[in-house]
Amino acid sequence: MKIAIVLGTRPEIIKMASVMDEIEKRGHELLLIHTGQHYDKEMSENFFIDLKLPTPNYNIHVGSGSHGKQTGKMMEGIEEVLLDEKPDILLVQGDTNAVLAGALVASKLHIPVGHVEAGLRSFDETMPEEINRMVKEFGGPDAKIKTFSGYLTECWEEAMKHSDTQLKTAAKPAKAS
């Protein structure tokens, strides 16, 4: 299976490190697309080195700019890569412009999208990240892909089917909204 990851900021690099490790452990092909939203060595390259992560296959080099300019450049670059590489699924993390661009492009190309973690909802529509969360939430064909918190809830429910009575009385985690 070819699994693409779109990332572009320091938090995405750090949080997706364990996902990249797991993809490699399971013998899947990793296609790593860096948008270049964080391009400074201290905010990007050093984390790949320190965490012993593979060098991105592609770097879009979006750099600084307005939200519209960044997202548009990302969409162009991501679309080009996805059309050429044809991954089986695209993974995104968080609530950045890279998430918005990656999810939108993949959805339009009918590539399933896995949203690993959507960030904390603030419901403050003046925050660009909250707008990204809201737009991504509307989904498309990928809306059925679970966020990490949804996955944990599903795991809890499955564990309860096979557990003893004591565990069944424990508090069930709340479903992600």
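Please refer to the structure placed before this passage.
Residues numbered from 1 in each chain as written. Predicted model: local features only at pLDDT ≥ 70, side-chain atom pairs only at ≥ 80, totals over all residues. Heavy atoms only, no water.

Some thoughts on helix α3 (residues 67-85)
No. 1: If you check α3, its first and last C-alpha atoms are 26 Å apart, about what 19 residues at 1.5 Å a residue would give, namely 27 Å.
No. 2: Taken together, the buried positions of α3 are occupied by Q70, T71, M74, G77, I78, V81, L82 and E85. In an axial view of α3, the angular spread of the buried residues amounts to 140°, which keeps them on one side of the axis. Within α3, the exposed residues directed more than 90 degrees away from the buried face are G68, E76, E80 and D84.
No. 3: In this fold, the buried residues of α3 make contact with β1 (2-7), β2 (29-34), β3 (58-59), β4 (89-92) and α4 (97-108).
No. 4: Looking at the residues trailing α3, positive phi occurs at K86, about 50°. (Helix = DSSP H or I, 4+ residues; strand = E, 2+ residues; numbered from the N terminus. Expected span 1.5 Å × (residues − 1). Buried < 20%, exposed > 50% of the residue type's maximum accessible area, 1.4 Å probe, protein only. Arc of directions from axis to C-beta. Contact = heavy atoms within 4.5 Å.)

Focus: the environment of N97
No. 1: Summarising the element assignment, N97 is placed in helix α4.
No. 2: By relative accessible area, which is 5% here, N97 ends up buried.
No. 3: Put simply, N97 and G8 are 89 residues apart on the chain and 8.6 Å apart in space, counted from C-alpha to C-alpha.

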